[in-house]
Amino acid sequence: MRIGILGTGTLAEALGSSWAHAGHELTISGRSQDKAQALAERLGGAARAASPRDAVTECDAVLLAVLWDGVRDILRSAGAAEGTLDGTPLIDPTNAVEHGVGVLLTEPGSSGAHQVAEHAPGAQVVKAFHLFPAEQWTRSPDSGEAPVTVAMCGDDPAALRITGQLVRDAGGVPAVLGSLARVRQLEEIAGFVIGLAFAGIDPASAVPRVLTSGANNAAG
């Protein structure tokens with residue numbers, strides 16, 4: 001696939017490395033052209049640097065790998081308001097949360113993914129990759145660790161299918177939670193995880209292991 005990556009940070013590099021290894025063609029862009037060029041050179045293969053607008057042109061998917069406060073600017077630079085992402089799967093791993101606390105910055109009833117969609121009219125937004133640190137995607141497939149599950153929300157079946165394939169190419173297992181109507185629930189989970197992690201608590205220790213057959217009785 002042809003994948004555009006908006007961002008030059010650790011997540012962009014980690015997922016970009018996995019996808020380059022899987023044989024995908026990557027176009028990297030960000031606020032700094034020099035950083036984009038340096039990342040493309042590190043990724044090697046079919047990776048190249050380009051302007052934000054060129055990075056999202058004629059792509060099979062685009063990864064929005066920037067901090068939350070940079071979302072609007074990078075999408076504006078990519079021409080998203082003019083429809084450059086119309087019909088394109090736009091993978092949103094951003095976390096609109098207060099740093100070190102995990103409280104969502106979006107208004108009740110809204111979500112970060114919905115705001116991304118507003119900034120990129122016509123894009124097929126899929127929430128994914130927002131629950132794990134970038135280091136998760138740099139681990140060797142031969143490490144012996146069980147693959148992690150990447151929960152996703154999105155409205156378009158084709159976009160979910162493409163994102164699911166990219167999850168598998170990164171070494172994860174895709175799981176669709178539902179449409180974007182449920183995405184705030186998924187973003188709240190990230191706030192929960194971030195809040196506990198910054199408090200020095202392993203979030204996994206706060207989540208009960210429930211067998212599927214008994215999930216409906218977990219509260220009883």
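Heads up: the structure comes first, above all this text.
Here the structure is a predicted model, which is why all the values come from computation and not from measurement. (Residues numbered from 1 in each chain as written. Predicted model: local features only at pLDDT ≥ 70, side-chain atom pairs only at ≥ 80, totals over all residues. Heavy atoms only, no water.)

Caption draft 1: Here's a closer look at the packing of aromatic side chains. Going through the model one piece at a time under the given rule, you end up with three aromatic pairs. Where Phe129 meets Trp137, the ring centres are 5.4 Å apart and the plane angle is 85°; that geometry is what we call edge-to-face. Judged by centre distance (6.1 Å) and plane angle (80°), the ring pair of Phe132 and Trp137 falls under edge-to-face. Residue classification places Trp137 among the buried positions, given a relative accessible area of 4%. A connected cluster of aromatic rings, assembled from ring pairs, spans Trp19, Phe129, Phe132 and Trp137. (Phe/Tyr/Trp six-rings, centres within 6.5 Å; stacked < 30°, edge-to-face > 60°. Buried < 20%, exposed > 50% of the residue type's maximum accessible area, 1.4 Å probe, protein only.)

Caption draft 2: Layout of the pattern of salt bridges. Under the definition given, this model contains eight salt bridges. Note that Glu188 and Arg184 form a salt bridge whose closest N and O atoms lie 3.6 Å from each other. With Glu188 and Arg184 both in helix 7 (residues 183-198), this residue pair falls four residues apart, about one helical turn. (Salt bridge = Lys/Arg side-chain N within 4 Å of Asp/Glu carboxyl O. Helix = DSSP H or I, 4+ residues; strand = E, 2+ residues; numbered from the N terminus.)

Caption draft 3: View of the sheet that holds strand 8 (residues 173-178). In space, the eight strands of this open sheet follow the order 3-2-1-4-5-6-7-8, with mixed pairing throughout. Each edge of the open sheet is held by one strand with a lone partner, namely strand 3 (48-49) and strand 8. In this structure, strand 2 (residues 25-29) lies alongside strand 3, joined through two bridges in parallel fashion. From the neighbouring strand, Thr27 faces strand 3, where its bridge partner is Arg48. Lying on the sheet, helix 6 (residues 157-169) is in contact with strand 1 (2-6), strand 4 (61-64), strand 5 (89-92), strand 6 (124-127), strand 7 (149-154) and strand 8; it crosses strand 7 at an angle near 165°. Strands strand 5, strand 6, strand 7 and strand 8 of the sheet are contacted by helix 7, whose axis makes an angle of about 145° with strand 7. (Pairing = 2+ DSSP bridges. Contact = heavy atoms within 4.5 Å. Axes fitted to C-alpha atoms, helices over the stretch in contact; angles between N-to-C directions.)

Caption draft 4: View of the nonpolar core. Of all hydrophobic cores here, the largest spans 33 residues; its most connected members are Ile5, Leu15, Trp19, Leu26, Ile28, Phe129 and Trp137. Residue assignment for this core shows that the elements contributing at least two residues are strand 1, helix 1 (10-21), strand 2, helix 2 (33-43), strand 4, strand 7 and helix 6. With sequence-adjacent residues up to four places away left out, Trp137 is seen in contact with Leu11, Ala14, Leu15, Ser18, Phe129, Phe132, Val148, Val150, Ala170, Gly171 and Gly172. In terms of nonpolar packing, the next biggest core, distinct from the first, is built from 24 residues, Leu6, Ile74, Leu85 and Val116 among them. (Core = buried A, V, L, I, M, F, W, Y, C linked by side-chain atoms within 4.5 Å.)

Caption draft 5: Examining the environment of Leu75 more closely. Along the chain, Leu75 falls in helix 4 (residues 71-77). Judged by relative accessible area, Leu75 falls into the buried class, the value being 0%. Separated by 69 residues in the primary sequence, Leu75 and Leu6 place their C-alpha atoms 8.5 Å from one another. Excluding residues within four positions of it along the chain, Leu75 makes contact with Leu6, Leu64, Ala80, Leu85, Leu90, Val116, His119 and Ala120.

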